[in-house]
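Spelled out, the chains give:
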Amino acid sequence: MKKNIAIIGSGFSSLSAACYLAKNGHKVTVFEKNGELGGRARQFKAKGFTFDMGPSWYWMPDVFEKFFNDFNKSTKDFYEIEKLNPAYRVYFGLDDYIDIEDSIEKISKKFEKIETGSGKKLKKFLERAKENYGIGVTDMLYKMPGLSPLELVSIKTLKKIRYFLSTIRKDVHRDFKNPKLRSVLEFPVLFLGAKASNTPAFYNFMNYADFGLGTFQPKNGFYDLVNAMVLLGKSLGVNYQINHCLEKIEMNGNKANKLIFNNKEYDCDIVVSGADYHHTETLLPNKFRQYSEKYWAKRVFAPSSLLFYVGFNKKIKNVNHHNLFFDTDFDQHAAEIYDNPNWPSDPLFYANFTSKTNPETAPLNCENGFFLIPIATNLKDTKEIRDKYFNMIIEKIEGFTKQDLKDSIIYKRSFCVSDFKNEYNSYGGNAYGLANTLFQTAFLRPNIKSKLVQNLYFCGQLTVPGPGVPPAIVSGELVANLINK
Ligand SMILES: Cc1cc2nc3c(=O)[nH]c(=O)nc-3n(C[C@H](O)[C@H](O)[C@H](O)COP(=O)(O)OP(=O)(O)OC[C@H]3O[C@@H](n4cnc5c(N)ncnc54)[C@H](O)[C@@H]3O)c2cc1C
């Protein structure tokens, strides 16, 4: 029977769930608290610059293509993507960087120049990673709503058991000795929100996503994807409501039957929340919350971030579209995120200049900069601290890229822990959800369906499969499949 379904939040998981549910004939309304759709992937414009606020790495293009194919469409019907070459640059110091190019062959040659024998080892490493991609992403991801441990068991996964018992760190360190190569290979783990030493080696499929599939860029930025999914949703009849903050879920027996937004009531048959899982449960009466505060406090959360959106009045030299500044001690920074949460003493960071590939994101002869420092959740967040870190990273970029930048800044906005909390109701101000550690994988993640509220479902980066845009899209499909069943 067709249902009246309310979807909370408009991140990628919600946008995806909305399309699948509407395709099945349900009446679907998406309610977003902010003034724009897209969740953490919102966009804003200021002084002639256009900034994507969150994701910028378009990895795993097959997942995006599959999503649109499910509606007899292709990404090409909505936006153009380009494979970047180089995909990204990693700075290790002054005159010391590696450009990661767009094929395994080229990257292996670069590895070989840095460490004898590592080119061949990389190819072998990536063959194994590709196999895991086939099992993890192509075969399993879409079939794992996380309802039972048995979802993980198949002949293929049993053969791969060693990858669940080992870690990315162990496997990378076994094959590669050079610290720069090691950090390049451990970098994709950042997307999973955990330390390489705490992430099952099976997730090396992210290395295949990185080197094997490559880094793509939607022509007008990541927001192309939000626009495409909303356009598709509208064509299927989805109704989108912005500036609608869910304040309370009212119950009738063990069913959620009324949603309260800005003192207005909305009746529905089914609720799907793509908003932060912990926050959603706080909107329920106490006895209907499945997970206690103690439970959440014990989870390993992906980092928060200190972000800067910066407009420069000149073109910037010696940088690519994506740039990583890895001249610091990876382990020290990771310990300051996960083990002894504190502001990093010497942070690694990421800098993105979208106007390098899409000049329209900045006025003529200007550059659009986005800077991200991963940090622990729940840190004290003040203007002074933000300014201190901005100066630290901008001076480092000036030094490594040999140019003055500070005097060329004509726009600057920062975003940090308190903004993640205020703008997204994010637990601890996390930027990308719950980490994918061994004990927070599949059925060990917060449940996609409430065990206490009969008609309440969850999607997004705190449930299955995990953090990142491709998993968010899959999460929307998983929850829709469960409801459609
Ligand atoms: C800075 C940053 C960089 C990132 N970079 C990448 C990247 O390069 N590549 C990649 O793949 N992933 C990246 N990610 C991760 C990726 O963006 C997220 O994992 C994904 O977008 C999360 O989607 P979601 O559907 O889970 O939720 P969200 O995008 O968090 O959406 C949840 C929505 O719920 C809304 N909401 C909350 N409370 C309420 C309420 N009470 N009522 C109504 N609405 C509510 C929020 O406003 C929000 O819009 C990045 C994330 C960040 C923050």
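Quick caveat, the model's predicted, so the values are computed rather than measured. (Residues numbered from 1 in each chain as written. Predicted model: local features only at pLDDT ≥ 70, side-chain atom pairs only at ≥ 80, totals over all residues.)

## Here's the deal with the packing of helix α3 (residues 104–114) against helix α4 (residues 118–140)
Move 1: Where α3 contacts α4, the two axes come as close as 7 Å, and the packing angle between them is 140°. When the axis of α3 is compared with that of α4, the two are oblique. For the pair α3 and α4, the sense of crossing is right-handed. Residues I104, I107, S108, K109, F111, E112 and I114 of α3 lie in contact with α4, whose contacting residues are S118, G119, L122, K123 and L126. (Axes fitted to C-alpha atoms, helices over the stretch in contact; angles between N-to-C directions. Helix = DSSP H or I, 4+ residues; strand = E, 2+ residues; numbered from the N terminus. Parallel < 35°, antiparallel > 145°, perpendicular 65-115°, else oblique. Left-handed = near helix turned anticlockwise from the far one by under 90°. Contact = placed C-beta atoms within 7 Å.)

## Concerning the sheet that holds strand β1 (residues 4–8)
Move 1: Taken in spatial order, the five strands make up an open sheet running β9-β2-β1-β13-β19, and their pairing is parallel. Here the strands that pair on one side only, and so sit at the sheet edges, are β9 (239–241) and β19 (456–458). Across the sheet, the mean angle from the axis of one strand to that of its neighbour is 20°, orientation sign disregarded.
Move 2: Note that β1 and strand β2 (residues 27–31) share five bridges and pair parallel. The residue of β2 that forms the bridge with A6 is T29. (Pairing = 2+ DSSP bridges.)

## Some words on the environment of Y291
Move 1: Within the element layout of this structure, Y291 appears in the loop between α11 (277–282) and α12 (293–298).
Move 2: By C-beta crowding, Y291 is classed as partly exposed, having 13 other C-beta atoms within 10 Å.
Move 3: Counting along the chain gives 13 residues from Y291 to H278, while the straight-line C-alpha distance between them is 8.0 Å.
Move 4: Not counting the four nearest positions on each side in its chain, Y291 is found in contact with E281, W296 and P446. (Buried ≥ 20, exposed ≤ 12 C-beta atoms within 10 Å, placed from the backbone.)

## Let's talk about the domain arrangement of the protein chain
Move 1: Domains assigned within the protein chain are domain 1 (4–80 + 220–298 + 438–484), domain 2 (112–213) and domain 3 (300–423).
Move 2: In this structure, domain 1 and domain 3 have C-alpha centres spaced 28 Å apart.
Move 3: Between domain 1 and domain 3, the residue contacts involve 14 residues of the former and 18 residues of the latter.
Move 4: With four residues, the single largest contributor to the side of domain 1 that touches domain 3 is strand β4 (residues 49–52). (Domains from an automatic or database assignment.)

## Regarding the environment of N254
Move 1: Relative to the elements of secondary structure, N254 occurs in the loop between β10 (246–252) and β11 (255–261).
Move 2: Distance from N254 to K406, taken between C-alpha atoms, is 57 Å for residues 152 residues apart in sequence.
Move 3: Ignoring sequence-local partners within four residues, the contact set of N254 consists of L452, V453 and Q454.

## Regarding the site of the ligand
Move 1: If you check the shell around the ligand, you find 38 residues, and the closest are G9, G11, G39, P55 and G460.
Move 2: Looking at the shell around the ligand, the elements that each hand over two or more residues are α1 (12–23), β14 (304–312) and α16 (469–484).
Move 3: Broken down by element, the residue count for the shell around the ligand peaks at three residues, all from α1.
Move 4: Residue contributions to the shell around the ligand reach at least three from each of two domains, namely domain 1 (4–80 + 220–298 + 438–484) and domain 3 (300–423). (Near = placed C-beta within 6 Å.)

## Remarks on helix α15 (residues 417–424)
Move 1: Within α15, the full set of buried residues consists of V417, F420, K421 and Y424. End-on, the buried residues of α15 take up no more than an arc of 110°, which puts them together on one face.
Move 2: Elements that come into contact with the buried residues of α15 comprise β14.
Move 3: Just downstream of α15 lies N425, where phi reads positive at about 55°. (Arc of directions from axis to C-beta.)

## Looking at the packing of α1 against α16
Move 1: Axis separation between α1 and α16 bottoms out at 7 Å; the angle between their running directions is 35°. Two packed elements cross with a definite hand, and for α1 against α16 that hand is right-handed. Together, F12, S13, S14, L15, S16, A17, Y20 and L21 of α1 and V469, A472, I473, S475, G476, E477, V479, A480 and I483 of α16 make up the contact between the two elements.

## Regarding the pairing of strand β6 (residues 88–93)
Move 1: As judged from the five bridges shared by β6 and strand β7 (residues 96–100), these two strands associate in the antiparallel manner. Across the sheet, G93 pairs through a bridge with D96, a residue of β7.

## Thoughts on the nonpolar core
Move 1: Membership of the largest hydrophobic core comes to 141 residues, with the highest contact counts inside it found for I7, A17, A18, V90, F349 and F371.
Move 2: Broken down by element, this core gets its largest block of residues, eight residues, from α1.
Move 3: Aside from chain neighbours lying at most four places away, what touches A18 is I7, V28, V30, G233 and V238. (Core = buried A, V, L, I, M, F, W, Y, C linked by C-beta atoms within 7 Å.)

## Focus: the sheet that holds β6
Move 1: Here seven strands make up an open sheet; going across it, the order is β7-β6-β15-β16-β17-β14-β18 and the pairing mixed. Looking at the sheet topology across the chains shown, the edges are occupied by β7 and β18 (409–415). Strand-to-strand twist in this sheet, taken as the mean axis angle between neighbours without regard to direction, amounts to 20°.
Move 2: As defined by bridge partners, strand β15 (residues 322–325) adjoins strand β16 (residues 349–352) across four bridges and the pair is classed as antiparallel. The residue bridging L324 from the neighbouring strand is Y350, located in β16.

## A short note on helix α7 (residues 168–175)
Within an α-helix, residues lying three or four positions from one another point in the same direction, as the helix has 3.6 residues per turn.
Move 1: Taken as a whole, α7 has its buried residues at I168, D171 and V172. Burial along α7 is one-sided: seen end-on, the buried residues are contained in an arc of 95°.
Move 2: Of the surrounding secondary structure, the elements contacted by the buried residues of α7 are α8 (179–186).

## A look at the pairing of strand β13 (residues 270–273)
Move 1: Alignment of β1 against β13, held across four bridges, turns out to be parallel. Across the sheet, residue I5 finds its bridge partner in β13, namely I270.
Move 2: Strand direction decides the pairing type here: β13 and β19, joined by three bridges, are parallel. Opposite S273, over in β19, you have F458 as the bridge partner.

## A look at unusual backbone geometry
Move 1: Of note, the amide linkage connecting N85 to P86 takes the cis form, showing an omega dihedral of -5°.
Move 2: Examined against the element boundaries, P86 turns out to sit in the loop between β5 (81–83) and β6.
Move 3: That bond from V464 to P465 is cis: its omega, -5°, falls within 30 degrees of zero.
Move 4: Among the secondary structure elements, P465 is positioned in the loop between β19 and α16.
Move 5: Of note in this structure, N243 is not a glycine but carries a positive phi near 55°.

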